[in-house]
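Listed here are the chains, written in short residue letters.
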Amino acid sequence: MNNYSFKRFAILLAFLCSGALIAQQTTITGTVSDDTGPLPGVNIVEKGTVNGTTTDFDGNYSITVAPEATLVFSYIGYQNQEIPVNGQTTVNVTMIVDAQSLDEVVITGFGSQAKVDVTGAIAQIKQQEIKQIVNADPTNALQGRLAGVQVESGGGGPGAPTNVIVRGISSLTNTFPLYVVDGAIVDDITFLNAKDIIDIQVLKDATSAAIYGTRAANGVIIISTNRGTMDSAPKVSVDIRSGANSVGRTLDFLDGPEFVAFLNQRSANEGLPANITDPGINTDFQDLSLNSGFIQDYGFNISGGGEDSSYFFSANYYDEEGIVTSTDFQRFNVRFNSRFKTGKFTFEESFSYNQRDLNDNTFFGNGTFTAPVVRESAPERLGGFEAIDSNLYNGSGGTNNFALAQLVDDQVTQRNLLGNFNVKYKILEGLNIGVNIGVDYRNTYGNFFQPTFDLSPTDQQVNLNELNDLTEVRGEILSTNIEPTINYKNTFGKHGIDVLLGGARQQTDNNSLAVLAEGLPSNNITNIASFADQIVNSGGGRFLSRVFSLFGRVNYKFDNKYLFTAIVRRDASSRFSPEDDFNNIVLPAFSAGWVISNEDWWPEDSLFNTLKVRAGYGELASQNIGDFLFQSVLNPSSNVSFNNTTAGGFAITSLVDENISFETAESTSIGIDGAILNNSITFAADYFVRNNNDVLAQVAVPSTTGSANAVTQNAASIRNRGFEFQANYNHNSGGDFDFNVGLTFATISNELTELPNPLVGPSIDEEGNTPNRFEVGQPVGFFFGFENDGIYRSQAEIDNDPGVANDPERRAILQPGDFRRVDVDGNGIINNDDRVNLGSPVADFTYGVTFNGTYKNWDFGLTLNGVQGNEIFNATRFTGTFFLDGNKFGYVRDAFVLGQNENTNIPRASLPNAAGNQLPSDFYVEDGSYLRLRTLEVGYDLTDFINIEWVSNARIFYNMQNVFTITDYSGYDPEIGSTLAGTGGGFFGNPNNTPPIFGRGIDLRAQPRPRTFILGVQVSF
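Residues numbered from 1 in each chain as written. Predicted model: local features only at pLDDT ≥ 70, side-chain atom pairs only at ≥ 80, totals over all residues. Heavy atoms only, no water.

Quick notes on the overall build of the protein chain
Along the protein chain, the regular secondary structure elements total eleven helices and 54 strands. In terms of its C-alpha atoms, the protein chain occupies a principal-axis envelope of roughly 105 × 80 × 65 Å. Each of the 1021 residues in the protein chain was classed as buried or not, and the buried ones make up 54%. On the protein chain, roughly 42300 Å² of surface is accessible, and the fraction owed to carbon and sulfur atoms is 54%. Once the 64 positive and 115 negative side-chain charges of the protein chain are each reduced to a mean point, those two points are 6 Å apart. (Helix = DSSP H or I, 4+ residues; strand = E, 2+ residues; numbered from the N terminus. Buried < 20%, exposed > 50% of the residue type's maximum accessible area, 1.4 Å probe, protein only. Areas by Shrake-Rupley, 256 points an atom, 1.4 Å probe, with all protein chains shown as cover. Lys, Arg positive; Asp, Glu negative; His and termini not counted. Charge placed at Lys NZ, Arg CZ, Asp CG, Glu CD.)

Observations regarding the sheet that holds strand 49 (residues 871-874)
Spatial strand order, 50-49-53: three strands in an open sheet with mixed pairing. In this open sheet, the two edge strands, each paired with only one partner strand, are strand 50 (925-927) and strand 53 (1002-1003). Two elements, strand 49 and strand 53, share two bridges in a ladder whose sense is parallel. Each bridged residue has a counterpart across the sheet, and for Phe 873 the counterpart in strand 53 is Ile 1002. (Pairing = 2+ DSSP bridges.)

As for the pattern of salt bridges
Counted according to the given criterion, the structure contains 39 salt bridges. A salt bridge links Glu 975 to Arg 932; the shortest N-O distance between them is 2.6 Å. Residue Glu 975 is found in the loop between strand 52 (953-967) and strand 53, and its partner Arg 932 is found in strand 51 (residues 930-941); the two are separated by 43 residues along the sequence. The burial state of Glu 975 is the same as that of Arg 932; both residues are buried. Two residues, Glu 975 and Arg 934, come together in a salt bridge whose shortest N-O distance is 2.7 Å. A residue pair is termed long-range when its members are at least 10 positions apart, and Glu 975 in the loop between strand 52 and strand 53 and Arg 934 in strand 51 qualify at 41 residues. (Salt bridge = Lys/Arg side-chain N within 4 Å of Asp/Glu carboxyl O.)

As for the confidence of the model for the protein chain
Looking at the protein chain as a whole, the pLDDT averages 86, with 90% of positions reaching at least 70. Counting interchain partners and residues more than four positions distant, the pLDDT-below-50 stretch residues 1-23 has 16 contacts. Here residues 980-993 is a poorly scored stretch, pLDDT under 50, and it has 32 contacts once near neighbours within four places are set aside; other chains count. (pLDDT = per-residue confidence, 0-100. Contact = heavy atoms within 4.5 Å.)

Section: the packing of aromatic side chains
Considering all chains together, one arrives at 37 aromatic pairs under this definition. Between Phe 369 and Phe 889 the ring centres are 5.5 Å apart and the planes differ by 55 degrees, which places this aromatic pair in the tilted class. One end of the pair, Phe 369, is in the loop between strand 22 (345-359) and helix 6 (401-407); the other, Phe 889, is in the loop between helix 10 (876-879) and strand 50, with 520 residues separating them in the sequence. By relative accessible area, Phe 889 is classed as buried at 7%. Where Phe 737 meets Phe 860, the ring centres are 6.4 Å apart and the plane angle is 25 degrees; that geometry is what we call stacked. On the criterion of sequence distance, the pair formed by Phe 737 in strand 40 (residues 737-754) and Phe 860 in strand 48 (residues 858-868) is long-range, its members being 123 residues apart. Taking relative accessible area as the criterion, Phe 737 reaches 35% and is therefore assigned partly exposed. Here Phe 860 falls in the partly exposed class, since its relative accessible area comes to 25%. Directly above the aromatic system of Tyr 891 lies the positively charged group of Arg 877, at a separation of 4.7 Å from the ring centroid. If you follow Arg 932 out to its NZ or CZ, it ends over the ring of Tyr 930, 5.4 Å from the centre. (Phe/Tyr/Trp six-rings, centres within 6.5 Å; stacked < 30°, edge-to-face > 60°. Lys NZ or Arg CZ within 6 Å of the ring centre and 35° of its normal.)

Written out as structure tokens, the structure reads:
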């Protein structure tokens, strides 16, 4: 097609889409922004006509009008502006926030909309709220601020991973949402500098997230970083924060003499001599292990722009020393974002580099708490520490976790380079084509070094290391995505239309290599380097996965009253068999809205300034599983015998289902958005039902198949139902005191509706007891065990207990001080049939309150969040009550002793478990509800006080985090998230983390969450 023919075709296309293309005398271009950057979706109308347009994703616009025209700029949440053209060809506008209506612009994926036009469930927080969190992970800023979005961290360690759960647990493999940073798809955002973020959008339902297809079943979180402002002078901002992490809560443990007394009582209960001598040692290992830690966060940025360009550069250094010994986290960030226009082209790019260094303490709370009769140091022993000698304490042994934390180095360095490039070409007014290219490169180096040591003649598997060993793990992930799109957006008369067509190709290449060396010449050598002869094992692998997609979306509105959105996406994934189209799926979504308050009959004096109802249905899918699970794997160690001679061989030792496919989700939702009292109160309410089908689960197979391993199949279903409410009140008196109050509230009902066979979670002890269960008709991962009705206080109570009337074997082994189990089925026998649902880690509801205010030069803000109705399985009560080794919780002082202390609910001290006292029961289950003052910040504006012309803004502030927590939970912190328990499967037997779903709500190794005090200064010039 020659140039002339192409122009004729383009003109015809525009005519068909818009009805007419009317030549005007003057074309006006420009950029619309606010104080933080460009504003997409701003309405621009030629006053007195229906001729209008909207700004694109970068805040740019173009409109053809009469030379004497006046342009009207309007945007929900901002004051309208009317600007006469007066012969100008470029009109740039900075919008002014309307204090009576805030947070009304959302990113919808490959575009943006005014919130009044949105028909899906989308929530948002902005830069001011994000900056109040001083934490290595920006997702912590979401906690308590968005209804239906719950953030759970696996403890308070620096750099601790978080689980973000959007509208409940929806899978048995992976519940993580999809993250999109400036158009680039990433697995998490722990690498981001929170001060670079302009806003975070959460797409919660299918009607908003369907544009991302099979990556969006668990929700989508879209992060936009700063790109600077066009036509603005260079601006330099410096942000310095420094402070300390302090211990917020400690637990009660036995001291040295009490520990000896406990062991003697336990021996007496077992009929053994109670002759342990107090060594006079009283070491408080909790005090040694928990200390204050320094935290610092330094950064600056430079931003500005010319008439057709803008830029943003930032650098930041974050350093946090954990309150648990031998833990610290460092992160260095550099970012450069820019954009520019030339002719009909618009270019924008984002490049960031970061390095994260994490030193972890995997021994804290691992298995046992160190006995207080162990010395703080033992210079005479190899390694300089000691552990308990069981020969001196009637068999009680264990390790010294404090010592191992000092001896063992566990360091991980991660480097991340994220780049995104976007180019758009304007074919005609309202018609644009573009391509988005993203690259995410991650490099990980892990160094785990264990020197030689000899701590004790007891438990030498853990207390003796004759040969030092070093594990080095290297891995890299390269992920690329290419997304071409064509977009037509226009308004004509009362009609507004926005059509998007596009495609996507994402590829992820994952490589890893690990080696284990033993017997290095010196404990000072912590790199394998040329010591190849000491390598005793190696592992690793390479995996390549691809996703190919086509998608389309239509947004239509009529007369600013009636809204409609339709989305369809087709995905093909390499993670499923290419035969019989099992790797293809088509996902539709539809939603509609009615802005009732824009009807002509709506009374002007109504209580509601704005009222919109919306509803939608959509389908999503997930392919978040490992690669090539549809293929059988050969075991290279399956030996065979020929003529009585053993030879190496290969065999398939595990079965697979070649027909596994995508997990699917059907989501239905209805919602209301509104504003009342002159827009001072805005609110949104949603009710949703999401049915997740074809959920991948481990299905047991008969042993006759020759395999003991379960097979992954699309065999389960999960239903989530919930109600969400979010409201905001803005008080703007025009005087010295203004404030804003936000409220979030969300309920969730979770049920496993289909599963061929029950599943269990991780074991919590050496006997392999599992506390949680996955069963049809119950919440996902509910706690399962025995109910107790106190303890037996005498032999007569045992003899007269109807619960064991038909159970002579159990009556014979019971003793006073054992748990009295509840005979649930009433048959007079206590067995596994009497185990019941003891509670769920799923909260009945979550809530949050935010408050931000200003008084003259002062500003202040706080965030409260809470959960209600969930339970925690406190697995530490096993090691702290029943386990042979290690120290015990202080409540065992009140343990049952026949004839001495019988009025108690703490069972007798005993090691034999014939009565099953140690089995999962309600003894371990506690109420996990809490209310936490998460952040408290007070600031003062020093600009007028400094009174220097080139200082445009100066502020000093004081920030506290985790100020207080109201809870009945007896552990370190009720915000458990998921246990890090796990056995085997990692490199060379190192424990793998349990999948978050299976370990959710189990407190086994969670580090305490610190209370943080920060003093900061922010200066701009």
